[in-house]
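# Notes for the structure review
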Amino acid sequence: MIRNDWTLNEVRDIYNLPLLPLIHRASAVHQQYHTAGEVQVCTLLSIKTGGCPEDCAYCPQAARYHTDVEAHKLLTYEEVIEKALEAKNNGSTRFCMGAAWRNVRDNSDFDRVIEMVKGVNALGMEVCCTLGMLTEQQAMRLKEAGLYAYNHNLDTSDTYYGEIITTRTYADRLETLEHVERAGISVCCGGIIGLGESDEDRIRMLHTLATRSRHPESVPVNALVPVKGTPLADRPRVRIWDMVRMIATARILMPKAMVRLSAGRNEMSYEQQALCFLAGANSIFAGEKLLTTPNPQTDSDRAMFELLGITPRESFKHEKQNAPCCD
Ligand code: SAM
Ligand code: DTB
Ligand code: SF4
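The structure contained in this document is the topic of the report that follows. Sequence positions are assigned chain by chain, starting from 1 and proceeding in written order. The naming scheme follows written order: chains are lettered A onward, ligands numbered 1 onward. Per-residue local features are limited, in this predicted model, to residues with pLDDT of at least 70; the limit for side-chain atom pairs, both in listing and counting, is 80 or more; totals at the level of whole chains, interfaces and linings are taken over all residues. Think of the side-chain values as coming from all heavy atoms in the structure, minus any hydrogens and water.

Next up on the list: the site of ligand 2. In this text, near means that some heavy atom of the residue lies within 4 Å of the molecule or strand in question. Taken together, the residues surrounding ligand 2 are Leu44, Pro60, Thr130, Asn151, Asn153, Pro220, Asn222, Leu290, Leu291, Thr292 and Thr293. Residue Thr292 places a side-chain N or O atom 2.7 Å away from an oxygen atom belonging to ligand 2. Under the rule applied, a polar contact is a pair of N or O atoms within 3.5 Å (in protein, one hydrogen donor and one hydrogen acceptor; residues adjacent in sequence only if both atoms are side-chain atoms). Thr293 has a polar side-chain atom sitting 2.8 Å from an oxygen atom of ligand 2. About the coverage of ligand 2: the protein hides 88% of its 400 Å² of free accessible area. Three classes are used: nonpolar for Ala, Val, Leu, Ile, Met, Phe, Trp, Tyr, Cys and Pro, charged for Asp, Glu, Lys and Arg, and polar for all others, with Gly counted as polar. Of the residues assigned to the shell around ligand 2, the class counts are five nonpolar, six polar and no charged. Working definition of accessibility: Shrake-Rupley area with a 1.4 Å probe, residue cover restricted to the visible protein chains.

Structure below.
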C-alpha cells in the first residue's frame, strides 16, 4: 500500500531498525513493486558548468568557492545530442541535463535548452533537466517540448538547510516542485548525506518526501563528494552503512519510486553497491563523470552488472505498465 501519511515517529522507527532487518524489509518491498535485479542506467551531462551565483556549501560549481572546475557557457545543440546518442549507445535510457543556474530565465539559452529537450526526446530516451528554480510557465514550456522529468533536490532537512544554503529557501524549493508537478512533469527529488547533518535531519528529509501528496517518481540519494575549495571539502567520507540505511528507508516509505544510487559511487566497491541494490536502489548514473566529479568507468560498471546478474531497465517502463491496454 502506498502511504502519504507517514508520521515522523514511524519514519524514525523504520530508519532506526537494526540494519539487516531493515534491508530485509526494504528488499521485500522492492520485490513486490519492482523486478529484482533490474537497474535503470542514466547519464548526466553538465550543459552549463560553473559560475553559479548560489552558495550551496557542497557545490564545486558555485562561483564564490575557488575550485578546479572550469566555467563553461551553455553547450550547443549538436554537442548535447552527440552526448545523448553516445549515452544511448552505451545502454542509458534516461539522459539528464544539468545547468549551474540559480533559476531559469526566459532568454535564448532557455530557447536552446527547449530544443535540446526536443532532440533528446526524439531519441526515445527519458529526458530530464536540472536547471534550478523554475516558474510554472517555464515548466509548461519544458513539458510541451517533451521533458519527462525535472530534478530539484531538497538536499537536506528544513532545519539543517540554512547551514548549507543561504541564497534561497526551502520554501523556494518546494515551490519549484509544485510548478513541476502542476505542469505534469515527473518529479525527481532527493538529497545528499554527509553534509554534517544528524540522523534526525535525514529522517525529517525522508518524511518530507514521503508525505508529499504524490511521492516523487524518482529519489536520488547522493553521498557528498567533498571537493577542494568548497566549505565541505574536509567532511569525512559517508559510511556505506548510512547510505544503505537511507536507501532502505526511502524504498520502504516510497515503494514505487526509482531510488537512485547517485553521487559517491566512485568510492564504493562492488560489494558496497550490491548492498545498496539489495536495500532497494534501482538506478545508477553511468559515464565517467557525474556533472563535474568522477564516476566509475563504463567497463567497470558493465563488469559489475555481469557479476551481480543485473539487467538494465528499459525506458518509460512506468508508462508502459500503466497503459490502459497492452499487447
Ligand atoms: N543548479 C541546479 C540546482 O541546484 O538545482 C542543478 C544542478 S545541482 C549540481 C544538482 C544537485 O547535485 C544538487 O541539488 C545536489 O543535490 C547535487 N550535488 C551537487 N554537488 C554535489 C556534491 N559535491 N556531492 C553530492 N551531490 C552534489
Ligand atoms: C542528483 O541528485 N545527483 C546528480 C543529479 N541529481 C543532477 C548530480 C550529482 C552531482 C555531483 C557533483 C558533481 O559531479 O558536480
Ligand atoms: Fe548552483 Fe546548483 Fe551548485 Fe547550488 S547546487 S551552487 S544552485 S549549481
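Pairs were defined over the aromatic rings of Phe, Tyr and Trp, the Trp ring being its six-membered one, requiring ring centres within 6.5 Å. Orientation was assigned from the angle between planes: stacked under 30 degrees, edge-to-face over 60, tilted for the rest. Considering all chains together, one arrives at one aromatic pair under this definition. Note on Tyr161 and Tyr170: the rings are 5.3 Å apart at their centroids and 75° apart in plane angle, and the pair reads as edge-to-face. Counting as a charge over the ring demands two things of the Lys NZ or Arg CZ atom: a distance within 6 Å of the ring centre and an angle within 35 degrees of the ring normal. Here Arg3 stacks its cationic end above the ring of Trp6, 4.2 Å away from the centre of that ring. Cation over ring: Arg245 sits above Tyr15, and NZ or CZ is 5.8 Å from the ring centre.

To continue, consider the packing of helix α1 (residues 8–15) against helix α8 (residues 199–210). The axes are straight lines fitted to the C-alpha atoms, using for helices just the contacting stretch, and the angles between their N-to-C directions are given from 0 to 180°. What counts as a helix is a DSSP run of H or I of at least four residues, what counts as a strand is a run of E of at least two, and both are numbered from the N terminus. As a packed pair, α1 and α8 sit with axes 9 Å apart at the nearest point and diverge in direction by 120°. Classified by the angle between their axes, α1 and α8 sit oblique to one another. As for the relative orientation of α1 and α8, their crossing is right-handed in sense. Along the contact surface, α1 presents Leu8, Val11, Arg12 and Tyr15, while α8 presents Asp199, Glu200, Arg202, Ile203, Arg204, Leu206 and His207. Oblique is the label for any angle not covered by the other classes, which are roughly parallel (under 35 degrees), roughly antiparallel (over 145) and roughly perpendicular (65 to 115). Throughout, a crossing is termed right-handed when the near helix is turned clockwise from the far one, and left-handed when it is turned anticlockwise from it by less than a right angle. The contact definition used throughout considers only heavy atoms, calling two residues in contact when any of these lie within 4.5 Å.

Let us look at the pairing of strand β2 (residues 94–99). Only protein chains enter the accessibility calculation, which uses a 1.4 Å probe; a residue is then buried when its area is under 20% of its type maximum, exposed when over 50%, and partly exposed in between. Counted residue by residue, β2 has six buried out of six residues, so it is predominantly covered. Of the two faces of β2, the one holding Arg94, Cys96 and Gly98 and the one holding Phe95, Met97 and Ala99 are both buried throughout. The pairing of strand β1 (residues 38–48) with β2 spans six bridges and is classified as parallel. Residue pairing in the sheet places Leu44 in a bridge with Cys96 of β2. By the criterion used throughout, a crossover qualifies as right-handed when its path from the first strand across the helix to the second strand runs clockwise, the strands pointing away from the viewer. With helix α3 (residues 77–89) bridging β1 and its parallel neighbour β2, the resulting β-α-β unit is right-handed. Note: β2 against strand β3 (residues 126–130), five bridges, orientation parallel. Note on pairing: two strands pair once DSSP finds at least 2 bridges between them.

By themselves, these figures tell us nothing about what the structure is for.
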